[in-house]
Amino acid sequence: MKDIILTGDRPTGKLHLGHYIGSLKSRVELQNKYKQYVMVADVQALTDNADNPQKVRDNIIELLLDYLSVGIDPNKTTICIQSMIPAIAELTIFYLNLVSVSRLERNPTIKQELKMRNFSGGIPAGFLTYPVSQAADITAFQANFVPAGEDQAPMIEQTCEIVRRFNTYYGETLKEPKIILSKTPRLVGTDGKSKMSKSLRNKIYLADSPDDIEKKVMSMFTDPNHLNVNDPGNTKDNPVFIYLDAFGEDKEKIAAMKAHYERGGLGDVKVKKYLNEVLQGFLEPIRIKREALQKDLKAIYKIAFDGTKEANIVTADTLKNVKKAMRINYQDM
Ligand code: TRP
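Before going into details, it helps to say that this report is about the structure given with it.

A look at the nonpolar core
With 43 residues, the main nonpolar core has Leu17, Tyr67, Leu206, Phe247 and Leu279 as its most contacted residues. Contact partners of Leu206, with chain neighbours within four places excluded, come to Leu15, His16, Leu17, Tyr20, Leu24, Asp66, Val70, Leu283 and Ile286. Formed by 39 residues, the second largest nonpolar core is a distinct cluster that contains Ile110, Leu128, Ile162 and Leu319.

Set out below in structure tokens:
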């Protein structure tokens, strides 16, 4: 039997180049080797968007379109929607007894996210405990592997702790997942300052128009010390070259451009024009596919609903085993 992979995204915005490099690209490859589930984590998205369910709803279709347009293939990958999988909610309730409040408060990702959000009415209990819900996501599918970025490592760690405690209390039932860390470091934003995060205005979306792409590329941050064309320039922390490395196919040409830039004599505008060419070439087929898919949204939702049906079968099976191990399977006794 193939190893099982589960990944997911919160539907809170359209996906961008950072997502492509960090996760979508590897999902397109992994779907050929593994049994892959990709989950639209709408329940998790609601933990900090409780006042705005419409935002979550609107972004579900965007996420699905992004998945399909980059080549996640519903014949190979099962795409499903978290809120339509009741076993996950039930598992979460049982797992909540296996973790302490102080342990949740120590989760580095939660701490980091709390700093970035300003929950005016206090921290929602659902937000503090979403790592438990994520443990339910992962174990419900009996996933062996979770491909993710560094920021998700604490979630996997917490999942393993819950699994170990469960197995200690109730007998060997669940398996500990392993993270497959994304090989590529986070893609910097077009402003060079920070990761390409959904909350900052420094990203190029997969669905951007050719005009938007050009505008964003031409206003990209480069080497601030490269004032004159003839000055030697830095290519290492230079977002334009970082993007060329990530998306350019002509490695020889890029190496020659880097050498020229470092020597001096290559202007930023020329490099940006080339990057624009590269990104237009990369994003055009994705956009064309997206536009075609967009013509029949019902068919897109159906893919997710069909995937969810399949997800409900495997996760219900896990729930059954969990209840049996906990000896709360009263009807079977
Ligand atoms: N926490 C993940 C994120 O913020 C999304 C997510 C939810 C997830 N459930 C998951 C990722 C299960 C991997 C596995 O991106």
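Now that the structure is up, let's keep going.
Notes on helix α3 (residues 53-70)
Because each turn of an α-helix spans 3.6 residues, side chains separated by three or four positions in sequence point in the same direction. Here α3 is 18 residues long and its end C-alpha atoms lie 26 Å apart, about the 26 Å a rise of 1.5 Å per residue gives. For α3, the buried fraction is high: 13 of the 18 residues fall into the buried class. Gly71 sits one or two residues past α3 and shows a positive phi near 110°.

Structural notes on the site of the ligand
Looking at the ligand, the residues that line it are Leu6, Thr7, Gly8, Arg10, Met39, Ala41, Gln44, Gln134, Asp137, Val146 and Gln152. Between the ligand and Gln152, the relevant distance is 3.1 Å, taken from a nitrogen atom to a side-chain nitrogen or oxygen of the residue. The protein chains hide 88% of the 370 Å² of surface that the ligand would expose on its own. Sorting the residues of the shell around the ligand by element identifies β1 (4-9) and α8 (130-140) as the ones contributing at least two each. The element that contributes the greatest number of residues to the shell around the ligand is β1, accounting for three residues. Grouping the amino acids of the shell around the ligand by side-chain chemistry returns four nonpolar, five polar and two charged.

Criteria and cut-off values
- Residues numbered from 1 in each chain as written.
- Predicted model: local features only at pLDDT ≥ 70, side-chain atom pairs only at ≥ 80, totals over all residues.
- Heavy atoms only, no water.
- Core = buried A, V, L, I, M, F, W, Y, C linked by side-chain atoms within 4.5 Å.
- Buried < 20%, exposed > 50% of the residue type's maximum accessible area, 1.4 Å probe, protein only.
- Contact = heavy atoms within 4.5 Å.
- Helix = DSSP H or I, 4+ residues; strand = E, 2+ residues; numbered from the N terminus.
- Expected span 1.5 Å × (residues − 1).
- Near = heavy atom within 4 Å.
- Polar contact = N/O pair within 3.5 Å; in protein donor to acceptor, adjacent residues only side chain to side chain.
- Areas by Shrake-Rupley, 256 points an atom, 1.4 Å probe, with all protein chains shown as cover.
- Nonpolar A, V, L, I, M, F, W, Y, C, P; charged D, E, K, R; others polar.

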